[in-house]
Amino acid sequence: MSLLTKGGQSAFDELYERYSKPLLNFFYKMLNNDREKAEDLLHDLFLKIIEKPDSFDGNKKFNTWFYTLASNMIKNEYRSRKIKLQHATETINQTQEYELNSERLDRQLFENRLQRELNKLDPESKIMFNLRFSEEMSVKQIAEIMDSLEGTIKSRLFRLTRQLAGKLAIYKPN
Amino acid sequence: MIDKDFEKIERLLQTKEFLELTPAEKELVLAQISETDYSDMMELHIRARATRNEEIAPPLSLKEKLDKALARRRPTPIDLRTRLPLYQVAAVALLFLVVGMAINYSSETPLRVVTNTIREVKYINRPVKQVQYIVISAKDAQKLQPIEQTKPQVSTNDNQTSYSEITPETNPEILRKQEIVTNNIQRALNEKNGVSVGEDSLLQKMLVTIY
């Protein structure tokens, strides 16, 4: 990060190479597969890092810091277009359901339903779920990103998983 | 409670169905959730993790935009765009002011009026004179031969009283009283001032008692 502060192109290339793809997919999932918006957020995130590299919190790992920034951007995005997002998700999901072949139908139905249930959650719960299940982060990392205690994250994750599992039980294969 | 067993139960959810759990593991799980909950949660764990396989890659145009932004951001040798916080500017201004005042103050030649405050005390050794006046009858006064009249005579109705200074050598009685008086005075002065009358010859000569 100190190299980036001095304007090092190679340092920036290294950061971009390492984190751009995971972050883009994180945005992509969190924004219900809205690729254009996901790319916009990824651009804004790296632009922040370029313009204010000194804002890097030395106590955190790069990975944690990036996802903290990304989570905050997601929350802001949710606030700005909460209603629009809900409507778009349902439209996309309905369209996709007709295009599925029979082999993937069961799995896709489950994913759509999961996404729909996640969209009903508050932004923090949705971010927490995706960090755990999609990004496979540890509880400690999630606690740092969410600025919360590990015990709190564990309780919330367990309760959330149980709640979602109950709602998605009908999609279980026989 | 779940804080303690969270990792263990999650690991079981990812690896074992409920029927595969050992009695101890079942006890651990059933302390938190039911068998049905466990099966539902296990399904969610497996499927939710499977959904992350579909990944997208960022376009090249995005990297090019960011590279241009980075090129614009590269610091110049003297970066004049850096804005200092207000308190830093104020602190620097205050520092210059204090240094300037200090330099100005040190260059002035101080004008000081020195006053001699030493007090010189002069001690003047003066002889102490004490004159004792006594009242005597006219008969006694005739016996005396005045050597020097220092006070005017005062007349009364029956007895004439005169003031005179006599020498002690003329009367033995006077000599005796003079000695007593001298001793008394000397003792009193010694008690008061620590000064001996015996050393003052003039004083001794002036102490005369006449009845």
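Here the structure is shown first, and the text comes after it.
Everything in this summary refers to the structure shown in the same document.

Rules behind the numbers
Residues numbered from 1 in each chain as written. Chains lettered and ligands numbered in written order. Predicted model: local features only at pLDDT ≥ 70, side-chain atom pairs only at ≥ 80, totals over all residues. Heavy atoms only, no water. Contact = heavy atoms within 4.5 Å. Buried area = accessible area lost by both parts, 1.4 Å probe. Salt bridge = Lys/Arg side-chain N within 4 Å of Asp/Glu carboxyl O. Polar contact = N/O pair within 3.5 Å; in protein donor to acceptor, adjacent residues only side chain to side chain. Helix = DSSP H or I, 4+ residues; strand = E, 2+ residues; numbered from the N terminus. Nonpolar A, V, L, I, M, F, W, Y, C, P; charged D, E, K, R; others polar. Phe/Tyr/Trp six-rings, centres within 6.5 Å; stacked < 30°, edge-to-face > 60°. Buried < 20%, exposed > 50% of the residue type's maximum accessible area, 1.4 Å probe, protein only. Lys NZ or Arg CZ within 6 Å of the ring centre and 35° of its normal.

Contacts between chain A and chain B engage 51 residues on the former and 37 residues on the latter. Between chain A and chain B the total buried area reaches about 4200 Å² when both faces are included, carbon and sulfur atoms providing 62% of it. Contact with chain B buries surface across chain A, with A:Phe133, A:Lys154 and A:Phe158 losing the most and accounting together for 16% of the total. Summed over the shared surface of chain A and chain B, the result is four salt bridges. Put simply, B:Lys63 and A:Asp13 hold a salt bridge, and the shortest N to O gap is 2.6 Å. At the boundary of chain A and chain B, one finds seven residue pairs in polar contact (both at pLDDT 80 or more). Broken down by secondary-structure element, the contributors of at least two residues to the side of chain A that touches chain B are helix 1 (2–5), helix 2 (9–30), helix 3 (35–51), helix 6 (102–120), helix 7 (123–133) and helix 9 (150–167) of chain A. Looking at side-chain class alone, the side of chain A that touches chain B contains 23 nonpolar, 12 polar and 16 charged residues.

Applying the stated rule across the entire model yields 11 aromatic pairs over all chains. Pairing A:Phe26 with A:Phe27 gives two aromatic rings, centres 6.3 Å apart and planes at 45°, and the pair type is tilted. For the pair A:Phe26 and A:Phe27, one class covers both residues: buried. Three or more aromatic residues joined by ring pairs make a cluster, and in this case those are A:Phe12, A:Tyr16, A:Tyr19, A:Phe46, A:Phe62, A:Trp65 and A:Phe66. Cation over ring: B:Lys63 sits above A:Tyr16, and NZ or CZ is 5.6 Å from the ring centre.

Let's shift gears to the environment of A:Leu41. Residue and element names in this part refer to chain A. Relative to the assigned elements, Leu41 resides in helix 3. Residue classification places Leu41 among the buried residues on the basis of a relative accessible area of 5%. Separated by 36 residues in the primary sequence, Leu41 and Glu77 have C-alpha atoms spaced 9.1 Å apart. Once residues lying within four places of it in the same chain are set aside, the contact partners of Leu41 are Phe27, Leu31, Met73, Ile74 and Glu77.

Worth remembering: the numbers are spatial, not functional.
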